[in-house]
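Commentary on secondary and tertiary structure
Now for the letters of each chain:
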Amino acid sequence: MAPSSIEDTDVLVIGAGMAGLSAAIAARDIGASVIVLEKAPEAERGGNTRFSNGAIRAVYHGVEDIDALVGGLSAAERERSEFGSYSREQYYDDLARVTQYRSHPDMADMLVENSRDTLFWLQQQGLRFLPLYEWQFKLPDGRIRFSGGSALEVYGAGEGASEALFRTAERRGARVFYQTKALSLIDEAGRIAGVIARCDGEDIAIRARRVILACGGFEANTEWRTRYLGPSWDLAKVRGSRFNTGDGLRMALERGALPFGNWSGCHSASWDLNAPDVNELEYGTVFKRDDYLEGIVVNADGERFFDEGADIRALTYAKLGRAILAQPGQVAWQIFDKHGAARLHGEYRVKQSARFKAETLEALIDQFDGIKRDACLATVKNFNAAVRTDIPYDPGKKDGRRTEGLAIPKSNWALAIAEPPFEAYAVTCGITFTFGGLRVDGDCCVLDEGGQRVTGLHAAGEMVGGLFYFNYPGGSGLMSAAVFGRIAGRAAAQAALANTVESHGAN
Ligand SMILES: Cc1cc2nc3c(=O)[nH]c(=O)nc-3n(C[C@H](O)[C@H](O)[C@H](O)COP(=O)(O)OP(=O)(O)OC[C@H]3O[C@@H](n4cnc5c(N)ncnc54)[C@H](O)[C@@H]3O)c2cc1C
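Residues numbered from 1 in each chain as written. Predicted model: local features only at pLDDT ≥ 70, side-chain atom pairs only at ≥ 80, totals over all residues. Heavy atoms only, no water.

Examining the sheet that holds strand E5 (residues 129–131)
Here is the rule we go by: The rule for pairing is simple: two strands pair if DSSP sees at least two bridges between them. Numbering of helices and strands starts at the N terminus; helices are DSSP runs of H or I of at least 4 residues and strands are runs of E of at least 2. Only heavy atoms enter the contact rule, under which two residues are in contact if any of them lie within 4.5 Å. All axes are obtained by fitting lines to C-alpha atoms, using only the stretch in contact for helices, and the reported angles, taken between N-to-C directions, cover 0 to 180 degrees.
If you trace the three strands from one edge of the open sheet to the other, you get E3-E8-E5, paired in antiparallel fashion. Two strands bound the open sheet, and with one partner strand each, they are strand E3 (55–56) and E5. Looking at chain direction, E5 and strand E8 (residues 152–154) are connected through three bridges and run antiparallel. When the bridges of E8 are listed, phenylalanine 129 appears paired with valine 154. The strands that helix H3 (residues 63–70) touches are E5 and E8; relative to E5, the one it contacts most, it runs at about 135 degrees.

Quick look at the packing of aromatic side chains
Given two aromatic rings, one states the distance between the centres and the angle between the planes to describe the pair. To be explicit about the condition: Between 30 and 60 degrees the pair is tilted, below 30 it is stacked and above 60 it is edge-to-face, where a pair is any two Phe, Tyr or Trp rings, Trp via its six-membered ring, whose centres lie within 6.5 Å. Burial classes: relative accessible area under 20% of the type maximum marks a residue as buried, over 50% as exposed, and values in between as partly exposed (1.4 Å probe, protein chains only). Working rule: Lys NZ or Arg CZ, within 6 Å of ring centre, within 35 degrees of ring normal, means a charge sits over the ring.
By the definition in use, this model includes 23 aromatic pairs. Ring centres of phenylalanine 218 and tryptophan 224 lie 5.6 Å apart, and the angle between their planes is 65 degrees; this geometry places the pair in the edge-to-face category. Residue classification places phenylalanine 218 among the buried residues on the basis of a relative accessible area of 0%. The exposure class assigned to tryptophan 224 is buried, which follows from its relative accessible area of 9%. A connected cluster of aromatic rings, assembled from ring pairs, spans Phe218, Trp224, Tyr228 and Trp263. The lysine or arginine in question, arginine 289, covers the ring of tyrosine 348, its NZ or CZ lying 5.1 Å from the ring centre. For arginine 313, the ring lying beneath its charged end belongs to tyrosine 317, and the centroid distance is 4.1 Å.

Section: the site of the ligand
The cut-off we apply is this: Note on terminology: near, applied to a residue and a molecule or strand, indicates that one of the residue's heavy atoms is within 4 Å of it. Nitrogen and oxygen atoms within 3.5 Å of one another constitute a polar contact, given that in protein one can donate a hydrogen and the other can accept it, and given that sequence-neighbouring residues count only through two side-chain atoms. Every accessible area reported is derived by Shrake-Rupley at a probe size of 1.4 Å, with residue values counting cover from the shown protein chains alone. Classification convention: Asp, Glu, Lys, Arg as charged; Ala, Val, Leu, Ile, Met, Phe, Trp, Tyr, Cys, Pro as nonpolar; all other residues, Gly among them, as polar.
In the region of the ligand, 40 residues are neighbours, and Glu38, Thr49, Ala55, Asn244 and Leu478 sit closest. One of the backbone N or O atoms of alanine 19 is found 2.9 Å from an oxygen atom in the ligand. Contact distances for the ligand include 3.1 Å between a nitrogen atom and a backbone N or O atom of asparagine 53. When isolated, the ligand has an accessible area of 1000 Å², and the protein chains bury 99% of it. Here the shell around the ligand is built from residues that sort into 15 nonpolar, 19 polar and six charged.

Here we look at the side chain of threonine 403
Relative to the elements of secondary structure, threonine 403 occurs in the loop between helix H13 (373–386) and strand E19 (422–434). Since its relative accessible area comes to 5%, threonine 403 is described here as buried. With sequence-adjacent residues up to four places away left out, threonine 403 is seen in contact with Phe383, Ala386, Val387, Pro409, Lys410 and Ala414.

Describing the domain arrangement of the chain
For clarity, the cut-off: An automatic or database domain assignment is the source of the domain bounds shown. Using a 1.4 Å probe, buried area is obtained as the accessible area two parts lose upon being combined, added over both of them. A pair is scored as a salt bridge if a Lys or Arg side-chain nitrogen falls within 4 Å of a carboxyl oxygen belonging to Asp or Glu.
Looking at the assigned domains, one finds that the chain contains domain 1 (8–61 + 88–123 + 152–265 + 435–506) and domain 2 (268–431). Taking only C-alpha atoms into account, the centre of domain 1 sits 34 Å from that of domain 2. Domain 1 puts 30 residues into the contact, and the matching count from domain 2 is 29 residues. Counting each side, the surface lost to burial between domain 1 and domain 2 is near 2400 Å², with a carbon and sulfur contribution of 60%. One salt bridge connects arginine 97 with aspartate 311, and the closest N-O pair in it is separated by 3.4 Å. Put simply, domain 1 and domain 2 have 13 residue pairs in polar contact (both at pLDDT 80 or more) between them. The set of elements that each furnish at least two residues to the side of domain 1 that touches domain 2 consists of helix H2 (47–51), helix H5 (88–98), helix H8 (222–229) and strand E13 (237–238).

Re the nonpolar core
Taken as a class, soluble globular proteins show a tendency for nonpolar side chains to be buried jointly. Filter applied, for reference: To define a nonpolar core, start from buried Ala, Val, Leu, Ile, Met, Phe, Trp, Tyr and Cys residues and group those joined through side-chain atoms within 4.5 Å.
Residues Val11, Val211 and Phe484 are the most contacted members of the largest nonpolar core, which totals 130 residues. Taken together, domain 1 (8–61 + 88–123 + 152–265 + 435–506) and domain 2 (268–431) each give at least three residues to this core, which thus spans both. Beyond its immediate stretch of four places on either side in the chain, valine 11 contacts Ala27, Ala32, Ser33, Val34, Ile35, Arg210, Ile212, Ala492, Ala493 and Ala496. Residues Ile296, Ala300, Phe368 and Val380 belong to the second largest nonpolar core, which totals 24 residues.

Considering the packing of H3 against helix H6 (residues 105–124)
Our working rule: The labels follow the angle: roughly parallel below 35 degrees, roughly antiparallel above 145, roughly perpendicular from 65 to 115, and oblique for the rest.
At their nearest, the axes of H3 and H6 sit 10 Å apart, and the two run at 25 degrees to each other. When the axis of H3 is compared with that of H6, the two are roughly parallel. Across from Asp65, Ala68 and Leu69 in H3, the residues of H6 making contact are Arg116, Leu119, Phe120 and Gln123. In terms of residue class, the contact of H3 with H6 is made up of four nonpolar, one polar and two charged.

Here's the deal with the pattern of salt bridges
Evaluated as defined, the whole model comprises 44 salt bridges. Within this structure, Arg57, Asp93, Asp94, Arg97, Asp311 and Lys398 form a network of salt bridges that share partners.

Quick look at the packing of helix H1 (residues 18–29) against helix H7 (residues 157–171)
Convention followed: Definitions for this section: a left-handed crossing has its near helix turned counterclockwise from the far helix by less than a right angle. A right-handed crossing has that turn clockwise.
Remark: H1 packs on H7, axes separated minimally by 9 Å, with the N-to-C direction vectors making an angle of 25 degrees. Taken as axis vectors, H1 and H7 run roughly parallel relative to one another. Of the two elements, H1 crosses H7, and the hand of that crossing is left-handed. Listed contacts from H7 to Met18, Leu21, Ser22 and Ile25 of H1 are Ser162, Leu165, Phe166, Thr168 and Ala169. Taken together, the residues of the contact of H1 with H7 sort by class into six nonpolar, three polar and no charged.

A closer look at H6
For the record, the criterion: One less than the residue count of a helix, multiplied by 1.5 Å, gives the span that helix is expected to have. Fitting axes to the seven residues ending at a residue and to the seven starting there, one defines the bend at that residue as the angle between these axes.
The end-to-end C-alpha distance of H6, which contains 20 residues, comes to 29 Å, matching closely the 28 Å that a straight helix rising 1.5 Å per residue would cover. Along its length, H6 shows its largest kink, about 55 degrees, at serine 115. Inspection of H6 places Met107, Ala108, Met110, Leu111, Val112, Ser115, Thr118, Leu119, Phe120, Trp121, Leu122 and Gln123 among the buried residues, and these make up the whole buried set. Following H6 by one or two positions, glycine 126 adopts a phi angle in the positive range, close to 105 degrees.

Listed below in structure tokens is the structure:
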């Protein structure tokens, strides 16, 4: 169904990802009328949320929280798992550490303090959760010790999250218009009163008492990536939706909104070299190549360029894309021996993978296009010789089994690349989402350059600035989208209904 030019609503949400749909549901819960505009056609709806792995980071108080959130753990799951807990302090600490203490305290507070409650709220909205067994510590007796934070994943991953949210939003009476792209804000004497949107080649005005921008960052906009993130970012591959091109940010900035946060920063990961320039739903996350902890990574000069064992994967993977993009040719190779390869996750096995295999290291490296072969061989040999074999290898914790004497150490889980057959995977930078956004207050109202509210305008999700800098704790994207979306939806609905009452009163 297409919107008509006589549409008028309490709350108008731009974008139908986790942030937009959480906002729509929260606004309907208070009784506001809601319209959601989605730029994508219905078949491609759901933004980055739909592409995501569904890992979600929240405060939890222990096994009882996990039990309640998954709807009853089996005896086998309880037996197999040490869930531990994840406190507010740990969440603050992880967020602060990986963002080099730049995450703004107001934004961090909103995310952390609302995370646990929002997880239960999402469950009420129809999302189902499972223990996230991937990426946790593996104990010698086969049990799993949760490393904190992202203890759960959404059943059905991003697809499951997206479907559940659409179902609930529509059942509660939110109207969603597809292939309807918001172009600009309607500004009436300083108050945002709706948007101009393009649908079927026609520009129409949709009026609203409150507008919530939830239309993602600018990760899929090649020109903006180069402009804000810098040289070479035009060459990054897009891991998610092609529709997040910074439209909402542009609209808000044109209206004097305050840019906020890490505009030169983004979430970017190790991504298969064979992936398309912009991802497609049929591929989902098959190109993710996050198992660098199991081996070493070299560039075209044959050199290692980061510490593969610096920390657990959830706290390091989101800055690796940038590191790879800075290498010659924007390419790198992950190298594993027989044992490392045996621990790789399933997506490494897909047919599109840029995979190499050989019985000797020489024969393996000979297949890498453009590599300095002898330098690479020397790197592997030096790495092997530098491994502290006196420290036991232990995937059940940060084991401190490290290299000694290398310019770039591997600080944990260092094992020699020694036993054939050898495997390698060519990787490049995959951008996930951008960190630069808008300044919002505690109601997710957008603030202008003077620190005043832009009346009638809210923002949520990837559009909120000030939370993530340089890096990010895995599972926080979906959680921040839900937390800020829910707050924006509630606040917008309350304000819209108060306006309605006021104007009825005046009549
Ligand atoms: C491959 C991948 C894996 C990920 N895995 C995880 C994970 O496991 N855990 C985690 O926490 N996070 C993960 N993320 C990040 C997470 O998906 C995002 O942070 C989160 O979904 C953002 O939600 P959002 O609602 O802000 O944006 P989105 O879900 O991207 O929604 C934005 C919507 O706005 C629409 N839109 C854009 N412009 C307009 C316009 N002009 N008019 C109307 N509509 C518009 C888009 O079509 C889109 O539907 C992953 C991301 C990717 C790409």
